[in-house]
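# Architecture at a glance
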Amino acid sequence: MDTSTHFVMGIGLAGLAYVDPVVATDPMLAAAVMVGTIAGSQAPDIDTALRFKSNSLYIRNHRGLSHSLPLLLLWVLLLTGVIGLIFSGVSLGHVALWTAVAVGVHVFTDLFNTYGTQAARPFTERWIAWNIIHIFDPFLFTTHVIAILLWAFDLIAPAPLFTTLYILIGIYYIWRTIARALVVRKVRRMDNSPEPAKYIVIPTISWSRWHVVKTNKDGSYELGKIDGSELTWSLHATSSTHAAVAASRKAPEVSAFLYFTSYAVAEVEELPVGYKVRWADVRYRHRKQYPFVAVVIMDRNFKTIDTYVGWLSDEKMDKKLLSARP
């Protein structure tokens, strides 16, 4: 999920903690638990700071080790220890419990997005992405904000309010999971491909619209969307076989990009200085652009001149690659 949704979920879990009689009757403990749930809802994303070192390091590691099983325990122990120093005398067992819930909810909800996590590390480094909930879901964010306001203005007690909220959200997740399964089945039936193909459907903010990526037997992709009962294909994407593509794989930025995604295509553009190799993740096509890319500019001898990896529009990317200008 996005940072803002994780934040309101942290506050929501602090409200849910009032179902615990010990928390409900101890204001100091309730405050400590709120610190724990808010911090726990943000802690796994601390690897965002890797952006300041390099984009390639961030792409390779974001939602990786920080979301893994060993780190879940570490976050809980670290946060509980710090909170114990700030709120001396409170029941650290209750703080640890609700902090663990917050950390676990963060990682679990991230699994439902297209970006995914490496939550099964150290057993596997496979990226797990269930493609069920959009990274920013208006329903999740809005319901949390409404519930928080009702609590803040003392209109409804937190225990019944947030218990109801999370039961509703649980039902919502089940519905979206079933809806996605039905859409995948519908796409297979409507496309009726004569050759074996793999389909993934990707959520959008609209409940009725899904992006569709079809992986063909030859490794190329068909990109489209299903809106209600209408399936439309808009683009065929395949990687160039130019020698510059193979050479670009040596760049750390491309290596990090391909470590993250299995849905990449490369295109080559000839420049006065040499070649521009642009890798794109076809899952993230938006307004006829691919905002998640890795780009390498090289000379005629395939020596790297400039690189970029990350999330950008084509216009902003070109401004960064000053060496690419003819």
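The protein is annotated in an unreviewed UniProt entry as Metal-dependent hydrolase of Paenibacillus amylolyticus.

Another aspect to go through is the pattern of salt bridges. Pairing between side chains of opposite charge can happen when their charged atoms approach one another. Using the criterion set out here, one finds six salt bridges in the structure. Between Asp281 and Arg283 there is a salt bridge, and its shortest N-O distance comes to 2.8 Å. In terms of burial, Asp281 and Arg283 fall into one category: buried.

With respect to the helices, strands and loops of the structure, Asn131 is situated in the loop between helix H6 (92–110) and helix H7 (138–152). By relative accessible area, which is 7% here, Asn131 ends up buried. Looking at Asn131, its side chain comes within polar contact range of the main-chain oxygen of Ala129, at 3.4 Å. Once you skip the residues sitting within four places of it in the chain, Asn131 turns out to touch Phe112, Asn113, Thr114, Arg180, Val201, Ile202, Pro203 and Trp210.

A word on the layout of surface pockets. Unfilled space is identified by rolling a water-sized probe across the atoms. Size it by volume and the largest pocket reaches roughly 1,000 Å³. In terms of lining, the largest pocket is formed by 38 residues, of which the most central are His134, Ile135, Tyr284, Pro291 and Trp311. Elements that contribute at least two residues to the lining of the largest pocket include exactly strand S1 (198–203), strand S2 (209–215), strand S3 (221–227) and strand S4 (230–237). Tallied by class, residues from the lining of the largest pocket come to 15 nonpolar, 13 polar and ten charged. Of the voids in this model, the second largest pocket is the one considered here, and its volume is about 340 Å³. As for the second largest pocket, its lining consists of 18 residues, and the residues nearest its centre are Trp127, Ala129, Ser262, Tyr263 and Arg283.

What follows is about the UniProt feature "transmembrane region" (unreviewed entry) in the protein. As annotated by UniProt and renumbered to match this structure, "transmembrane region" (unreviewed entry) occupies residues 69–89, 95–115, 127–153 and 159–179. Annotated as 100% helix and 0% strand, the span residues 159–179 places its first and last C-alpha atoms 30 Å apart.

There is a patch of nonpolar side chains on the surface, built from Leu149, Phe153, Leu155 and Ile156 and spanning about 420 Å² of accessible area. Structurally, the position occupied by Ile156 is in the loop between H7 and helix H8 (158–191). Residue class for Ile156 comes out partly exposed when judged on its relative accessible area of 34%.

Definitions and cut-offs
Residues numbered from 1 in each chain as written. Predicted model: local features only at pLDDT ≥ 70, side-chain atom pairs only at ≥ 80, totals over all residues. Heavy atoms only, no water. Salt bridge = Lys/Arg side-chain N within 4 Å of Asp/Glu carboxyl O. Buried < 20%, exposed > 50% of the residue type's maximum accessible area, 1.4 Å probe, protein only. Helix = DSSP H or I, 4+ residues; strand = E, 2+ residues; numbered from the N terminus. Polar contact = N/O pair within 3.5 Å; in protein donor to acceptor, adjacent residues only side chain to side chain. Contact = heavy atoms within 4.5 Å. 1 Å grid on protein atoms, 1.4 Å probe; cavity = no way out; pocket = protein on both sides within 12 Å on 5 of 7 lines; lining within 4 Å. Points joined across faces, edges and corners; volume = space filled by probe spheres on them. Nonpolar A, V, L, I, M, F, W, Y, C, P; charged D, E, K, R; others polar. UniProt positions renumbered as here; feature names shortened; annotations may be inferred. Patch = residues over 30% accessible without salt bridge, like charges linked within 9 Å, V, L, I, M, F, W, Y side chains within 5 Å. Areas by Shrake-Rupley, 256 points an atom, 1.4 Å probe, with all protein chains shown as cover.

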